[in-house]
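Chain residues, written in single-letter form:
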Amino acid sequence: SCLSCSSVHSSLLRLWSRCMSTTHQPPPPPASNDPPEPPAKRVKPSTESPSPAPDSSAMGPRRAYIAPSVLSSDFARLADECQRMLEAGADWLHLDVMDGHFVPNLTFGAPVVAALRPHNKGFFDCHLMVSDPHKWVDEFAQAGVNQFTFHIEAAGSTAEALEIAKDIKAKGMQAGIVLKPKTSIDDVLPVIDSGLIDTLLVMTVEPGFGGQKFMEDMMDKVKTARAKYPSLTIEVDGGLTVDTTKIAAAAGANAIVAGTAIFKADDPEAVIKEMRQSVEELSK
Amino acid sequence: MSANLRVAKANFWSLGEDLSAAVAGGAPWLHFSVQDGRMVPKISFGSPVIKSLRKRLPNTVFDVKLGVIEPEHRVAEFIDAGADILSVHPEATLQLPAVLNAIEEAGCAPGVVVNPGTQLSSIEHVLEHVDVVVIMLVNPGWGGPKYMRGALEKIRRLRLMCAERGVSPWIEVDGGVSPKNAGELIAAGANALVAGGSVFSAADKRQAIQELMQRPGVWV
């Protein structure tokens, strides 16, 4: 009903403003990114010349988001682990929800996220590797997720993806769309063109399996997306280390998900700092 | 009689400490309700959570209920994570005896879960092969009404069926057990109770557990 929608929305706004007033970090970015550039004017067959490519050289350093993945943490001490990450300078906390069906592993769902929420002021960047993501929008909105990222393969069509994205935004969350390595970037472009998408997540490993290496050939997708959408947040996930972050940043990615590279580091703060520096210097 | 604690009701934020406190308060088993969003309409948690806790609580019995479709694919994973008991839903698998056998061969105690909608006839034929039968008081993942009368009837019938076969698995009850209904459940024949909210929300967990274990008719 309308009443329940608006009460979720306003409670999320209050939650969001509490997140934004965190004092032990530099001011976080505004809730929504700049809207993506409108698609380039279609070239008519007759006399019109194509519109010039958007000029991104005038932009300053790209805003970096370093997002440690809690899946690499010790679940018996989730409080301490997440706080440790925020204090080490993490911008987002990346939550890998896997339902054991869309991907073979089963990790955790909304109850775990809802339990984290009251104790942590960070931005919850939730990646849902689940079948039928539309089913879970409400529950995760109520759990206090800031960004809900769903798979284009699970949505099944552009139309369904747009419905899901609309619902995510209506429930007060940022919308992200993610694609698996074997999926073409073309499948997500129409969804991003709608203006409903805040973040594009390009998987650089096959989701749901641990210990894989960074797939450098996924950078073509990042480059294509970056050329089309200069202001879009482009996130990468899978096998990101200090070294591979440089490759991703050079291709245009500005949000980096890392698990063991950060959690298991002797000095997570140094790793986060170095990754952020790579994005700010190399991402264009 | 065993009072087990449903991990889902603990505070995930400080899961280790919460559970340690409860175990110290007298709960010998910890109950984990794994839900995959398909067998049960909620996604709770999977083996990574259990694995992390196993390190913290090496001597507690981990009683894991697999509310997942095709549990046969998860047996190895959960045993590796540290489960001592693995219970499955008969509706979730095409060959129930095969899954129970796989659990047993892997060195774990097999169990079956009886939802409010599950007939006892679905598990009658495997009673000789299970160590635990979990009777659900509510429809898992739905919340909603407690089917107390139905559960009591099932427990009584189950006790008779077990006696006829000369077996005595643990009869465990889950889904809204509290000091108010514990006595009745035990009198009907249950000997393991899963307590969630009533213990974790109690200020003094030790006292809440003792209360449950001191119902009339209970001998430890």
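Since the structure is predicted, the reported quantities are computational estimates derived from the model, not experimental observations.

Before going further, it helps to examine the overall build of chain A. When helices and strands are tallied, chain A shows eleven helices and eight strands. The burial tally for chain A puts 54% of its 284 residues in the buried class. If you take every contact in chain A between residues at least 6 apart in sequence, the share linking residues at least 24 apart comes to 71%. Accessible surface computed for chain A: about 12,100 Å², of which carbon and sulfur atoms make up 55%.

In this section: the state of the cysteines. What the rule picks out here adds up to zero disulfides over all chains. Free cysteine Cys82 of chain A: the closest other cysteine sulfur is in Cys126 of chain A, separated by 12 Å.

Residues and elements named next belong to chain A. Applying the stated criterion across every chain yields a total of seven aromatic pairs over all chains. Judged by centre distance (5.8 Å) and plane angle (55°), the rings of Phe75 and Phe108 are tilted. Highlighted residues: Phe75 in the loop between strand 1 (65–68) and helix 2 (78–87) and Phe108 in the loop between strand 2 (92–98) and helix 3 (110–116), separated in sequence by 33 residues. Summarising the aromatic geometry, the rings of Phe140 and Phe148 are spaced 6.1 Å apart at their centres and angled 75° between planes, so their arrangement reads as edge-to-face. With relative accessibility at 0%, the residue Phe148 sits in the buried group. Through successive ring pairs, a cluster of aromatic residues spans Tyr65, Trp92 and Phe123.

Glancing now at the interface of chain A and chain B. At the interface, 27 residues of chain A touch 25 residues of chain B. Counting each side, the surface lost to burial between chain A and chain B is near 2,100 Å², with a carbon and sulfur contribution of 62%. Contact with chain B buries area across many residues of chain A, yet Phe75, Ala76 and Leu106 of chain A alone supply 31% of it, more than any other trio. Between chain A and chain B we count seven residue pairs in polar contact (both at pLDDT 80 or more) in total. Every element with two or more residues in the side of chain A that touches chain B is listed here: helix 2 and helix 3 of chain A. Ranked by residue count, the leading element in the side of chain A that touches chain B is helix 3 of chain A, at five residues. When grouped by side-chain class, the residues that make up the side of chain A that touches chain B number 15 nonpolar, seven polar and five charged.

Residues and elements named next belong to chain B. Among the seven residues in strand 3 (residues 61–67), six count as buried, and that is most of the element. The parallel pair strand 2 (residues 29–35) and strand 3 is bridged by helix 2 (residues 47–56), and the resulting crossover is right-handed. In terms of strand pairing, strand 3 meets strand 4 (residues 85–88) through four bridges, oriented parallel. Counted as the bridge partner of Leu66 is Val88 from strand 4. Taking the sense of rotation as the criterion, the β-α-β connection linking strand 3, helix 3 (residues 75–81) and strand 4 turns out right-handed.

Residues and elements named next belong to chain A. Spatial ordering of the open sheet is given by 1-8-7-6-5-4-3-2, a layout of eight strands whose pairing is parallel. Two strands lie at the open edges of the sheet, namely strand 1 and strand 2, each paired on one side alone. Pairwise comparison of adjacent strand axes, ignoring direction, gives a mean angle of 20° for this sheet. Across seven bridges, the pairing between strand 2 and strand 3 (residues 123–129) is parallel. Paired with Met98 across the strands is Met129, a residue of strand 3. Sheet contacts for helix 6 (residues 158–170): strand 4 (147–151) and strand 5 (174–179); angle to strand 5, the most-contacted strand, approximately 150°.

What counts, and where the lines are drawn
- Residues numbered from 1 in each chain as written.
- Chains lettered and ligands numbered in written order.
- Predicted model: local features only at pLDDT ≥ 70, side-chain atom pairs only at ≥ 80, totals over all residues.
- Heavy atoms only, no water.
- Helix = DSSP H or I, 4+ residues; strand = E, 2+ residues; numbered from the N terminus.
- Buried < 20%, exposed > 50% of the residue type's maximum accessible area, 1.4 Å probe, protein only.
- Contact = heavy atoms within 4.5 Å.
- Areas by Shrake-Rupley, 256 points an atom, 1.4 Å probe, with all protein chains shown as cover.
- Disulfide = S-S within 2.5 Å.
- Phe/Tyr/Trp six-rings, centres within 6.5 Å; stacked < 30°, edge-to-face > 60°.
- Buried area = accessible area lost by both parts, 1.4 Å probe.
- Polar contact = N/O pair within 3.5 Å; in protein donor to acceptor, adjacent residues only side chain to side chain.
- Nonpolar A, V, L, I, M, F, W, Y, C, P; charged D, E, K, R; others polar.
- Right-handed = clockwise from strand over helix to strand, strands pointing away.
- Pairing = 2+ DSSP bridges.
- Axes fitted to C-alpha atoms, helices over the stretch in contact; angles between N-to-C directions.

Interpretation in functional terms is not warranted from these geometric data alone.
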